[in-house]
Amino acid sequence: MTGHEQWMHLALREAVRALDEDEVPVGAVVVHRGKIIGKGYNQMERLQDPTAHAEMIAITAAATHLQSRRLEDCTLYVTLEPCPMCAGAIVLARIPTLVFGAYDPKAGACGTLFSIPEDPRLNHRVHVVPGVCDAESESLLRSFFGRIRSIPPEGKE
């Protein structure tokens, strides 16, 4: 197991927490000098907050831990390719490295639909490492969406 896989497995644990709470199973951890300083999982439904993505929660926790908005010596691990909002936050936080699991064909902004972290027009670029533990990430997502699709809408059985 590589170092990236080791950290991604911890992000996958966060994704399982989301799954257990009927949230889209995405998890994230921020690593600084070999230590997790921020972690999060999707909580949009529970908090009724469209910005409560795993990455946003993990970045906020890491910034609080370091007492700095700049996470210059950190790596973000997330189980699903970040969306445009999260990719923008990664750039603004000056995170040098992003490692993600599954590609997101519908909202991916780190190589699929857009390449925000590597856009040369921005004042910071992020090194992106895609596809780490992608099978495990995809399996959690398939499990969640398969379960959602098998539940009949309320009042219709």
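Cut-offs applied
Residues numbered from 1 in each chain as written. Predicted model: local features only at pLDDT ≥ 70, side-chain atom pairs only at ≥ 80, totals over all residues. Heavy atoms only, no water. Salt bridge = Lys/Arg side-chain N within 4 Å of Asp/Glu carboxyl O. Helix = DSSP H or I, 4+ residues; strand = E, 2+ residues; numbered from the N terminus. Buried < 20%, exposed > 50% of the residue type's maximum accessible area, 1.4 Å probe, protein only. 1 Å grid on protein atoms, 1.4 Å probe; cavity = no way out; pocket = protein on both sides within 12 Å on 5 of 7 lines; lining within 4 Å. Points joined across faces, edges and corners; volume = space filled by probe spheres on them. Nonpolar A, V, L, I, M, F, W, Y, C, P; charged D, E, K, R; others polar. Phe/Tyr/Trp six-rings, centres within 6.5 Å; stacked < 30°, edge-to-face > 60°. Axes fitted to C-alpha atoms, helices over the stretch in contact; angles between N-to-C directions. Parallel < 35°, antiparallel > 145°, perpendicular 65-115°, else oblique. Contact = heavy atoms within 4.5 Å. Disulfide = S-S within 2.5 Å. Pairing = 2+ DSSP bridges.

(A) Region of the structure containing the pattern of salt bridges. This structure, assessed with the given rule, holds six salt bridges. Notably, a salt bridge pairs R17 with E14, separated by 3.7 Å at the nearest N-O pair. With R17 and E14 both in helix α1 (residues 3–20) and three residues apart, this pair spans about one turn of that helix. Here E14 falls in the buried class, since its relative accessible area comes to 6%. Across the salt bridge formed by D22 and R147, the nearest N and O atoms sit 3.1 Å from each other. Here R147 lies in helix α5 (residues 134–150) and D22 lies in the loop between α1 and β1 (27–32), a separation of 125 residues in the sequence.

(B) Region of the structure containing the layout of surface pockets. Looking at the largest pocket, its volume works out to about 530 Å³. In terms of lining residues, the largest pocket is bounded by 21 residues, among which V24, L80, D104, L141 and F145 are the most central. Broken down by element, the residue count for the lining of the largest pocket peaks at five residues, all from α5. Along the lines of polarity and charge, the residues of the lining of the largest pocket split into twelve nonpolar, two polar and seven charged.

(C) Fine view of the packing of aromatic side chains. This model, assessed by the stated rule, comprises two aromatic pairs. Ring centres of F100 and Y103 lie 5.2 Å apart, and the angle between their planes is 90 degrees; this geometry places the pair in the edge-to-face category. For Y103, a relative accessible area of 46% corresponds to the partly exposed category. A centroid spacing of 4.9 Å and a plane angle of 80 degrees characterise the contact between F144 and F145, whose relative ring orientation is edge-to-face. By relative accessible area, F144 is classed as buried at 6%.

(D) Examining the packing of α1 against α5 more closely. Relative orientation of the contacting elements α1 and α5 amounts to 5 degrees, with a least axis distance of 10 Å. In terms of their interaxial angle, α1 and α5 are classed as roughly parallel. Contacts between α1 and α5 involve H9, L12, A15, V16 and L19 on the former and, on the latter, E136, S137, L140, S143, F144 and R147.

(E) Fine view of unusual backbone geometry. Non-glycine residue Q48 carries a positive phi angle of around 50 degrees. With respect to the helices, strands and loops of the structure, Q48 is situated in the loop between α2 (44–47) and α3 (54–66). Given the relative accessible area of 63%, Q48 is considered exposed.

(F) Inspection of the state of the cysteines at higher detail. Per the counting criterion, the structure on display carries zero disulfides. Not part of a disulfide, C83 finds its nearest cysteine sulfur in C86, a span of 3.8 Å. Using a relative accessible area of 14% as the deciding quantity, one classes C83 as buried.

(G) Local environment of the pairing of β1. Extensive coverage of β1 is indicated by the burial of six of its six residues. As paired elements, β1 and strand β2 (residues 35–41) share six bridges and run antiparallel to each other. Residue pairing in the sheet places V29 in a bridge with K39 of β2. The loop that links β1 with its antiparallel partner β2 comprises two residues; one of these, R33, has a positive phi angle of about 50 degrees. Looking at chain direction, β1 and strand β3 (residues 74–80) are connected through five bridges and run antiparallel. Bridge pairing in β3 links A28 to V78.

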